Amino acid sequence: MLPEGWRHCRMGELFRNRKERGDESLPILSVTMNDGLVDRDELDRKQDSALSAEEHRLVKVGDIAYNTMRMWQGAFGLATSDGLVSPAYVVLKPTEHVRPAFAAYMLEAPRIRHKCWSYSYGLTEDRLRLYFDDFAKIQAAIPSLDEQDRVVRAIQVWDRAVTAVRAMHAATERQASIERMHIFRRLAADKATRFAALDEVATFASGGTPDTTRSEYWEGTTPWITAKDLKGFLVDRSELSISASAQRRLKTVPANTVLVLVRGMTLLRRIPISLTCRESTFNQDVKAILPNRELDSEYLAHVLLSRQSQLLAAVETAGHGTGRLDTGLLGDVEIPVPSLDVQQRVARGLSAIEATTSAYLRRLAQIRSERTELIRLLTEPRSDRNIDCVREKAE
């Protein structure tokens, strides 16, 4: 039974399929997984198009464009300006029955995303496609336009919080980067500082993956770190943990070990570098760096972070567009090696800034989690919805 003011409908009632040709005066937009619809020129990796403007599809303010191959993963965006999109995208034009902003939030809801997956067709998940005719069959439920407006205003409170915390996190990241640059420039100018290639003062260790068919390997408490866990300076947990029996089959590193991602799509944008907080294992896409006695691990992590530009330039593209950082090139990176006392003082100062950065990152994750739950509560028909209570909490 639906709450008062709600009604059942299908997506075909809420959207029309816009198939208008583009105009060369408009910018080309791309759908991203995390930032919605963005100007293609703003992407880290530029994507040139051989298509003419007329071969692109027109998207207007308030439209929603989605990637047919990734819609089930949430690859869509609400247009805030007119533009052009790939003809491989579907452009949804909201009808008079739905507010564009509410429609975008509704498409983020877990229930609708699952339906997008179930209505997609393909032999394997990487070939699933959701065309408009199938999208139009998806059942949904919507409230009145006035209620949609109230839902949008409530969720926008969390949107503003995400924007604010992201800005603060970015500011502290810039501060840390500037401090690292200044400190290591001063060390380089100091005649007492000697330099050594990384592989002269540290050794590398490789990780692996336990047998995924043996459930007992995945029922432990030892962290098994992968690319998705290398989000901040310190890594103290992982999405997946392994048992003692699985751990014995892998390389285990102690706390305060530097981990560097050497393979993955993330390398096309940045080089994740983290320091373990506890004994951990890691997969084959990650390298552990174990310094000798004259090099402090925490200090080494900051040195490598200061070499982001150099390391990014060394990344090669492997199969399927995956980034790869050659261990030999990583080992050639020049490391300033002052006294251990100096290293530890440098590390303490830079880690204090990183602690603030990490705090903002945790807060951002919390707000995003709250936002996801809020979208689920307010865009799906529930008897316990209370928007006024949500707004009071937000204020």
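Procedures and definitions
In this convention, every chain numbers its residues from 1, walking through the sequence in written order. The predicted nature of this model means local features are confined to residues of pLDDT at least 70 and side-chain atom pairs, given and counted, to a pLDDT of 80 or more, with totals for whole chains, interfaces and linings taken over all residues. Side-chain figures throughout are based on the complete set of non-hydrogen atoms in the structure, without hydrogens or water. Whether two strands pair comes down to DSSP finding at least two bridges between them. Each helix is a run of H or I in the DSSP string that is no shorter than four residues. Each strand is a run of E no shorter than two, and both are numbered from the N terminus. By salt bridge we mean one thing: a side-chain nitrogen of Lys or Arg within 4 Å of a carboxyl oxygen of Asp or Glu. Only protein chains enter the accessibility calculation, which uses a 1.4 Å probe. A residue is then buried if its area is under 20% of the maximum for its type, exposed if over 50%, and partly exposed in between.

K.L.:
Just checking my understanding: could you explain the sheet that holds strand β15 (residues 240-242) for this structure?
P.N.:
As a general point, the strands of a sheet are linked pairwise by backbone hydrogen bonds and lie either parallel or antiparallel. The strand order β15-β13-β19 describes an open sheet built from three strands, whose pairing is mixed. Two strands in the sheet have a free side with no partner beyond their single neighbour: β15 and β19 (281-282). As paired strands, strand β13 (residues 222-225) and β19 are joined by two bridges and run parallel to one another. The residue bridging I225 from the neighbouring strand is F282, located in β19.

K.L.:
Mind showing me how you'd approach the pattern of salt bridges here?
P.N.:
Two side chains carrying opposite charge are able to pair once their charged atoms lie near each other. Considering all chains together, one arrives at 19 salt bridges under this definition. Put simply, R18 and E20 hold a salt bridge, and the shortest N to O gap is 2.5 Å. For R371, the salt bridge is made with E108, and the minimal N-O distance between the two is 2.9 Å. You can see R371 sitting in helix α11 (residues 340-379) and its partner E108 sitting in helix α2 (residues 100-108), a full 263 residues away along the chain. A residue is classified by how much of its surface remains accessible, and R371, at 14% relative accessible area, is buried. Three or more residues joined by partner-sharing salt bridges are found here, namely R18, E20 and D63.

K.L.:
Looking at this structure, I do not really get the environment of H320. What am I missing?
P.N.:
On the secondary structure map, H320 appears in the loop between β21 (316-317) and β22 (323-324). Judged by its relative accessible area of 85%, H320 falls in the exposed class. Put simply, H320 and V262 are 58 residues apart on the chain and 16 Å apart in space, counted from C-alpha to C-alpha.

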